[in-house]
2 protein chains.
Amino acid sequence: MPYIHTHRILVALDCIIFGFDGEGLNLLLVKRNFEPEIGKWSLMGGFLNEGENLEDAAHRIVYDLTGLDNNYLEQFQTFGAINRDPVERTISVAYYALVNIEDQDLNAIRSHNASWISLSKKPKLIFDHDRMVEEALNRLRTKAALNPVGFELLPVKFTIPQLQKLYEAIYDTKLDRRNFSRKVLSTKLLVGTGEKDMGSQTKKGQLYTLNAPEYIRQQKGNFGFMPELIMAED
Amino acid sequence: MPYIHTHRILVALDCIIFGFDGEGLNLLLVKRNFEPEIGKWSLMGGFLNEGENLEDAAHRIVYDLTGLDNNYLEQFQTFGAINRDPVERTISVAYYALVNIEDQDLNAIRSHNASWISLSKKPKLIFDHDRMVEEALNRLRTKAALNPVGFELLPVKFTIPQLQKLYEAIYDTKLDRRNFSRKVLSTKLLVGTGEKDMGSQTKKGQLYTLNAPEYIRQQKGNFGFMPELIMAED
DNA sequence: ATGTAATTGTGTAGTAGCTACACAATTGAT
DNA sequence: ATCAATTGTGTAGCTACTACACAATTACAT
């Protein structure tokens with residue numbers, strides 16, 4: 001027997017998908033070829049299906065667009081202003097995702113008419129999506145200062161300077177190379193592979209990978225991963 | 001024209017209402033005299049109405065139960081497991097509120113069959129409400145370490161030892177009296193009233209009030225109000 | 001009024017962590 | 001081999017937190 005005299009509404013999910021291209025943070029945005037607001041940019045989103053958990057729906061949406069599962073995904077806020085969707089009353093549960101930009105499924109992205117766009121060149125988005133991006137970035141900043149999470153944005157093997165560039169991008173700041181590397185190594189989160197990076201930009205950095213058990217452990221509690229980076233949220 | 005082929009569901013809100021009685025944190029809980037789960041304890045909740053913002057609905061729910069508006073209220077998570085409500089698929093947007101236990105409207109509380117219950121003696125709650133309380137406390141702990149928020153739980157005028165007891169309750173720990181008072185006074189958040197507390201417990205503490213503009217300013221950014229209190233979340 | 005116990009406020013040494021920078025080691029190219 | 005670019009280690013200065021000694025204040029009993 002259902003509840004009576006109650007109002008059922010649409011529940012959407014919107015995903016702020018962050019990627020890192022070695023220089024700055026990027027967003028995976030969709031140029032809409034469907035109504036409403038056709039032709040404009042928006043976040044990737046969708047509706048919650050019958051018999052589907054919120055978490056599962058968020059994963060589904062990210063998977064549809066990138067072909068990737070197992071991404072870092074965190075719910076951060078639910079947006080419920082009355083007129084946020086002009087078509088019909090809809091509340092939207094927002095998640096941000098961190099994905100490795102290199103592992104993406106280019107076909108999936110093309111078929112959704114999506115592109116990676118530098119956060120610094122973000123166009124105006126539809127509805128309240130601009131605010132969602134802003135809040136997602138705030139959340140990512142606080143989270144990454146307390147727990148090691150940014151690594152999800154890098155390839156499996158990476159150099160310390162690459163990791164530093166990532167943190168500089170997240171916080172839009174410059175960090176001291178020497179202190180950064182010392183700090184990161186002291187966490188025991190990284191294990192050297194012995195290999196060197198023969199790739200494009202860096203010349204001599206040793207490649208590291210995550211020490212998976214320690215990584216999982218430190219994601220659980222608040223360890224103050226880089227507490228000095230906590231800064232104004234707004 | 002509405003969206004088609006989409007699934008509309010119930011949106012509920014649940015409020016974790018924290019109060020402080022001078023010793024420990026308390027929760028305002030409802031002993032249900034209505035179905036489902038009549039006779040069991042639950043959080044105060046309600047459904048989102050047509051034409052009502054999420055924020056407004058949360059304020060309405062807290063106001064109905066306590067007679068108080070203008071409380072500190074923060075949305076912290078949306079719970080959407082398929083079977084979390086056995087009656088019908090419902091997602092619930094959870095907020096926690098900080099209220100001054102002394103200002104409450106006793107009639108409103110009685111008429112809802114609600115009581116203040118010490119967090120340490122919390123009974124088992126219905127549905128997923130236990131987890132909501134757990135997550136709310138985690139969130140409050142992180143929040144109170146980064147920003148001054150706990151003051152909402154105290155009377156307008158309070159002594160520093162009272163404030164210390166509050167922080168000790170939130171973090172379930174003991175703090176050094178001398179360092180605590182120094183730290184708090186250094187924030188410029190408090191202004192002495194000159195008056196003394198002739199009340200019940202404390203004997204000689206000067207009464208302080210909030211320096212409102214500074215309080216509002218420091219709630220906005222992350223200033224690391226008491227960063228040493230950040231601890232494991234789980 | 002005066003003394004005593006309880007409580008509150010100030011000083012400070014020790015420690016840990018962050019910042020800034022000097023200097024050494026390593027790598028890749030000529 | 002030599003040099004330039006890059007990366008790794010040492011360390012002094014600063015700030016903030018901790019722990020505790022000691023001084024000041026208050027409440028209350030006599």
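Fair warning: this is a prediction, and the values are worked out from it, not measured in the lab.

**Some remarks on the overall build of chain A**
- Check the secondary structure of chain A and you find six helices and nine strands.
- For 234 residues, the compact-globule estimate of 2.2 N^0.38 gives 17 Å, and chain A sits close to it at 19 Å.
- The C-alpha extent of chain A, read off along each of the three principal axes, is 65 × 35 × 35 Å.
- Expressed as a percentage of the 234 residues in chain A, the buried residues total 54%.
- Sequence separation of at least 24 residues holds for 67% of the intrachain contacts in chain A that already meet a minimum separation of 6.
- Only carbon and sulfur atoms are counted for the fraction: they give 51% of the accessible area of chain A, which is about 11000 Å².

**Focus: the interface of chain A and chain B**
- Each side of the interface is counted separately: chain A has 44 residues, and chain B has 44 residues.
- Regarding the contact of chain A and chain B, the summed buried area is about 3600 Å², with carbon and sulfur atoms giving 57% of it.
- At the surface where chain A touches chain B, the tally comes to two salt bridges.
- A:Glu88 is paired through a salt bridge with B:Arg8; the nearest N and O atoms lie 2.6 Å apart.
- Along the contact surface separating chain A from chain B lie 10 residue pairs in polar contact (both at pLDDT 80 or more).

**Observations concerning unusual backbone geometry**
- If you check the backbone angles, A:Asn70 has positive phi at about 65 degrees while not being a glycine.
- The phi dihedral of B:Asn113 falls on the positive side, at around 65 degrees, and the residue is not glycine.
- Of note, B:Asn113 is situated in the loop between helix H2 (106-111) and strand E7 (114-118).

**Points about the packing of helix H3 (residues 129-146) of chain B against helix H4 (residues 160-171) of chain B**
All names here are of chain B.
- As a packed pair, H3 and H4 sit with axes 10 Å apart at the nearest point and diverge in direction by 135 degrees. Between H3 and H4, the angle falls in the class oblique. Considering how the two elements wind past one another, H3 and H4 form a crossing that is left-handed. Contacts between H3 and H4 pair Leu-137, Leu-140, Arg-141, Ala-144 and Ala-145 from the former with Tyr-167, Ile-170 and Tyr-171 from the latter.
- For the contact of H3 with H4, the per-class residue count stands at seven nonpolar, no polar and one charged.

Calculation criteria
- Residues numbered from 1 in each chain as written.
- Chains lettered and ligands numbered in written order.
- Predicted model: local features only at pLDDT ≥ 70, side-chain atom pairs only at ≥ 80, totals over all residues.
- Heavy atoms only, no water.
- Helix = DSSP H or I, 4+ residues; strand = E, 2+ residues; numbered from the N terminus.
- Rg over C-alpha atoms; globule rule 2.2 N^0.38 Å.
- Buried < 20%, exposed > 50% of the residue type's maximum accessible area, 1.4 Å probe, protein only.
- Contact = heavy atoms within 4.5 Å.
- Areas by Shrake-Rupley, 256 points an atom, 1.4 Å probe, with all protein chains shown as cover.
- Buried area = accessible area lost by both parts, 1.4 Å probe.
- Salt bridge = Lys/Arg side-chain N within 4 Å of Asp/Glu carboxyl O.
- Polar contact = N/O pair within 3.5 Å; in protein donor to acceptor, adjacent residues only side chain to side chain.
- Axes fitted to C-alpha atoms, helices over the stretch in contact; angles between N-to-C directions.
- Parallel < 35°, antiparallel > 145°, perpendicular 65-115°, else oblique.
- Left-handed = near helix turned anticlockwise from the far one by under 90°.
- Nonpolar A, V, L, I, M, F, W, Y, C, P; charged D, E, K, R; others polar.

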